[in-house]
Amino acid sequence: MELLLKAVKYNQYQWNLCGDFKVIGLHMSMQAGFTKYCCFLCLWGSGAVSKHYKQKDSVSRSTFVPGEHSVLENPLVDTNKVFLPPLHIKLGLMKNFVKAMDKNGAAFQHLCTLFPAEFC
């Protein structure tokens, strides 16, 4: 990845980077595959299944220290130059919103009538 960034002269132009979590993880020199700390934005532990969709806050990732929290090497790009695609964010937020809804509530029941195969 470093050779690719050198070939397109990333350091000279300082472009912004837009991509999904896997692509951005590669640029941030994070461990690929199943990792405990898979997000480049925070230190959310992926093994905390009981806290999924319940815990609303997470500790922000302030440094990228090689060997700690799934970081392999120093990042190749600045975190301030990274953008997530709006569609990925929107779809992810909607999925989390629906999963956090009260399953017996009127709003969820309305979704069940509109999309019976997806929700019920």
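Residues numbered from 1 in each chain as written. Predicted model: local features only at pLDDT ≥ 70, side-chain atom pairs only at ≥ 80, totals over all residues. Heavy atoms only, no water.

Draft legend 1. Geometry of the overall build of the protein chain. In terms of regular secondary structure, the protein chain is built from six helices and two strands. In the protein chain, the succession of helices and strands from N to C terminus is α-α-β-α-β-α-α-α. Looking at the 120 residues of the protein chain, the share that counts as buried comes to 25%. Within the protein chain, residue pairs in contact and separated by at least 24 positions form 54% of the contacts whose partners lie at least 6 positions apart. (Helix = DSSP H or I, 4+ residues; strand = E, 2+ residues; numbered from the N terminus. Buried < 20%, exposed > 50% of the residue type's maximum accessible area, 1.4 Å probe, protein only. Contact = heavy atoms within 4.5 Å.)

Draft legend 2. Molecular detail of helix α5 (residues 106-114). Of all the residues in α5, the buried ones are Phe 108, Leu 111 and Cys 112. With its buried residues spanning 105° around the axis, α5 presents them on a single face. When the buried face of α5 is taken as reference, the exposed residues oriented beyond 90 degrees from it are Ala 106 and Thr 113. (Arc of directions from axis to C-beta.)

Draft legend 3. The arrangement of the packing of aromatic side chains in detail. Tallied over the full model, the rule gives one aromatic pair. The interplanar angle of 10° and the centroid separation of 5.0 Å between the aromatic rings of Tyr 13 and Trp 15 together place this pair among those described as stacked. You can call Tyr 13 partly exposed: its relative accessible area is 45%. Taking NZ or CZ as reference, Lys 103 lies 5.0 Å from the ring centre of Phe 108, over its face. (Phe/Tyr/Trp six-rings, centres within 6.5 Å; stacked < 30°, edge-to-face > 60°. Lys NZ or Arg CZ within 6 Å of the ring centre and 35° of its normal.)

Draft legend 4. Region of the structure containing a nonpolar patch on the surface. Taken together, the side chains of Met 1, Leu 4, Val 8, Tyr 13, Trp 15 and Leu 26 make up a nonpolar region of the molecular surface, amounting to roughly 590 Å² of accessible area. The topology assignment puts Leu 4 in helix α1 (residues 2-7). Leu 4 gets classed as exposed once you look at its relative accessible area, which sits at 51%. (Patch = residues over 30% accessible without salt bridge, like charges linked within 9 Å, V, L, I, M, F, W, Y side chains within 5 Å. Areas by Shrake-Rupley, 256 points an atom, 1.4 Å probe, with all protein chains shown as cover. Salt bridge = Lys/Arg side-chain N within 4 Å of Asp/Glu carboxyl O.)

Keep in mind that these numbers describe shape and distance, not what the molecule does.
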